[in-house]
Amino acid sequence: MARQVKRAFRYRFHPTGEQAAELARTFGCVRLVYNKALAERTRAWRTEQRRISYVQSSAALTAWKKTDELGFLNEVSSVPLQQVLRHLQTAFTNFFAGRARYPRFKARKKSRASAEYTRSAFRWRDGELTLARMSEPLAIVWSRPLPDGAQPSTVTISRDGAGRWFCSILCTDIIAPLAPVKAAVGVDVGITSLVTLSTGEKITNPRHERRDRERLARAQRDLSRKAPGSANRDKARIRVARIHARIADRRRDFLHKLSTRLVHENQVVVIENLNVAGMVGNHGLARAISDAAWRQLRMMLEYKAGWYGRDLVVVDRWLPSSKTCSRCGIVREGMPLDVREWECGGCGSRHDRDVNAARNIVAAGLAVSACGADVRPRRESSRAGQSAMKQETQPATVGNPRL
């Protein structure tokens, strides 16, 4: 049965000089309001043990606008300023619930410049989008159509480090589930092979960052030689940002295609609940692990499986998948990382390390699906820094697909 989902469609656009100036002012005001509200919340808690709510922050914003020092806040749309206060409230809610760290201040150069407009702050008419305090619609590059009859509820405008402008349009979309299939697949992630499937197929890691590493290093060296604050330094910084953007775009495109294929071809997809944040603590592998973007692949699999009526099962990271024989179940005592093939001492089967791991992963996932178990993985705090590699020394438990 088709279901309605909230879906964001992201497009590039090219603002006029007047629009770019208006948006730049809005970005600056949004950042200022966020940092000032965060500072006030922090001060109230540390000095008075008092929590400030969104309503109190909104009232403070009204007072700030009436002062001579911050009167310029009236020059931009009030909606993005209110929205950033709501985002700050959500950040504190997640912090007090233990789901996130304490909110951090937005830096002028390092933070992503963005502003969110709700329905009262933009006009959508005949396929053209006009933001508040602007007389002309945005020149959007429509790389794909919006759903038929779509009525945007929220528009987020952003600018990345490379100076590219993006418009993210949130609207309701109707997605029909895929026809059921009998196939199930286990996915073992790695560095040489980005993923190894239980079918025996290995998908090579494109290593997007490595392909542009020399070009990136040259641009970074050029940036380091420029005088701080100079126009040439800004130009060099943009060149570096463009290379990073190119790498990220290619990586995201590849992962979208891979995750879509896995979801379309299989009814059940089984993955491991890896502690990627702990694994990048190994400085010798951090760059390669970050480039592989295992976490991003998992997030794509999660929401696409939900969209199309597929099952995503996450097994515990302590499952000894690599050193357990997928035929007889005997577990080897140890297996160094340089051992890529091994022979089982019990049944004599010869295994490829990664293919064997993927087969054990899918077997564990199907067993969980059959019994309907829902056991949450162990907390990561005690073992997060124990090793940068996947651990395989504890009894197997079942993970939860939630992040």
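Everything numeric here is computed off the predicted structure, so don't read it as measured data.

## Things to note about the domain arrangement of the protein chain
Inference 1: Segmentation of the protein chain into domains returns domain 1 (3-175) and domain 2 (184-207 + 254-371).
Inference 2: Relative to domain 2, the C-alpha centre of domain 1 lies at a distance of 38 Å.

## Focus: the nonpolar core
Inference 1: Of all hydrophobic cores here, the largest spans 42 residues; its most connected members are Leu 23, Leu 129, Leu 131 and Ile 157.
Inference 2: If we ignore the near neighbours within four places in the chain, the residues touching Leu 131 are Leu 23, Tyr 117, Ala 121, Phe 122, Leu 138, Val 155 and Ile 157.
Inference 3: Leu 255, Leu 258, Leu 262 and Val 269 belong to the second largest nonpolar core, which has 30 residues in total.

## Quick look at the environment of Leu 319
Inference 1: Within the secondary structure, Leu 319 sits in the loop between strand E11 (311-315) and strand E12 (341-343).
Inference 2: Owing to a relative accessible area of 10%, Leu 319 belongs among the buried residues under this scheme.
Inference 3: Residues Leu 319 and Ala 364, spaced 45 residues apart in sequence, show a C-alpha to C-alpha distance of 8.7 Å.

## Description of the pairing of strand E8 (residues 193-197)
Along any regular strand, the residues point their side chains to alternate faces of the sheet.
Inference 1: The buried fraction of E8 amounts to 5 of the 5 residues, a majority that puts the element mostly inside the structure.
Inference 2: The pairing of strand E7 (residues 184-189) with E8 spans 3 bridges and is classified as antiparallel. Among the inter-strand pairings, Val 187 is bridged to a residue of E8, identified as Leu 197.
Inference 3: Once E7 ends, the chain turns through 3 residues before running back antiparallel as E8.
Inference 4: Bridge count for E8 against strand E9 (residues 202-204) is 3 bridges, and the pairing is antiparallel. Paired with Thr 196 across the strands is Lys 202, a residue of E9.
Inference 5: Turn length for the E8-E9 hairpin, with the two strands adjacent in sequence and antiparallel, is 4 residues, and the turn residue Gly 200 shows positive phi of about 100 degrees.

Thresholds, definitions, all that
Residues numbered from 1 in each chain as written. Predicted model: local features only at pLDDT ≥ 70, side-chain atom pairs only at ≥ 80, totals over all residues. Heavy atoms only, no water. Domains from an automatic or database assignment. Core = buried A, V, L, I, M, F, W, Y, C linked by side-chain atoms within 4.5 Å. Buried < 20%, exposed > 50% of the residue type's maximum accessible area, 1.4 Å probe, protein only. Contact = heavy atoms within 4.5 Å. Helix = DSSP H or I, 4+ residues; strand = E, 2+ residues; numbered from the N terminus. Pairing = 2+ DSSP bridges.

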